[in-house]
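# Structural features, examined
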Amino acid sequence: MPIWIGYALLAAFFAGLVAIFGKVGVREVDATLATAVRAVVMAAFLVTAAIALGKTGIGGISRRSFLFIVLSGAAGAASWLCYFIALREGPATGVAALDRLSVVFVFILAVAFLGEAFTPKAALGAALVVTGAILLT
């Protein structure tokens with residue numbers, strides 16, 4: 001099994017924990033404040049991991065790569081904020097299911113902007129993800 005599959009499955013597991021812990025956490029807290037606290041915890045954790053792994057050479061990042069990493073961070077922050085607001089207002093299962101529609105958006109955007117292949121198999125997979133999200137919601 002390629003290593004990326006293991007990491008992707010771990011990411012999915014931890015994302016599941018985000019929904020459960022987040023739902024409990026935002027019950028009595030403003031979603032914006034909860035998202036800010038989450039971001040600080042994540043930043044501290046990730047900076048510690050980068051230092052521990054010796055990955056601190058930020059000067060080696062090109063301007064273009066840095067720009068897209070910053071844009072990714074801004075999109076991630078917007079996603080987290082919307083996610084926590086949704087969790088506060090709705091059921092964890094429904095919120096998580098709709099959040100997973102990001103797979104469909106990635107598929108569409110990757111085809112449009114990254115030149116990834118649009119195949120019938122991938123389109124069927126995207127349709128099944130949409131169907132699953134609808135059924136879980």
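The coordinates are above.
Described below are features of the structure shown in this document. (Residues numbered from 1 in each chain as written. Predicted model: local features only at pLDDT ≥ 70, side-chain atom pairs only at ≥ 80, totals over all residues. Heavy atoms only, no water.)

## Here's the deal with the side chain of Arg38
Note the following rule: Put simply, DSSP marks the helices as runs of H or I at least four residues long and the strands as runs of E at least two long, and each gets a number from the N terminus on. The criterion used for residue contact is that any of the two residues' heavy atoms lie within 4.5 Å.
Along the chain, Arg38 falls in helix H2 (residues 31-52). Among all residues touching Arg38, those that are not within four sequence positions of it are Val18, Trp80 and Phe84.

## A word on the pattern of salt bridges
Quick note on the threshold: The working definition used for a salt bridge is a side-chain nitrogen of Lys or Arg within 4 Å of a carboxyl oxygen of Asp or Glu.
Taken as a whole and assessed by the stated rule, the structure comprises one salt bridge. For the salt bridge of Asp99 with Arg100, the shortest nitrogen-to-oxygen distance reads 2.2 Å.

## With respect to helix H3 (residues 63-89)
To be explicit about the condition: Here the expected span of a helix is defined as 1.5 Å times the quantity of residues minus one. Relative accessibility under 20% of the residue-type maximum defines a buried residue, over 50% an exposed one, and the middle range a partly exposed one, all with a 1.4 Å probe and only protein chains included.
Over its 27 residues, H3 extends 39 Å from the first C-alpha to the last, a length consistent with the 39 Å expected when each residue adds 1.5 Å. Buried within H3 are the following residues: Gly76, Tyr83, Phe84 and Leu87. In this structure, the buried side of H3 is in contact with helix H1 (3-25), H2 and helix H4 (92-99).

## Some remarks on the side chain of Thr35
Relative to the helices and strands, Thr35 is located in helix H2. Relative accessible area serves as the criterion here: at 7%, Thr35 is assigned to the buried category. Contact partners of Thr35, with chain neighbours within four places excluded, come to Trp80, Leu81 and Phe84.

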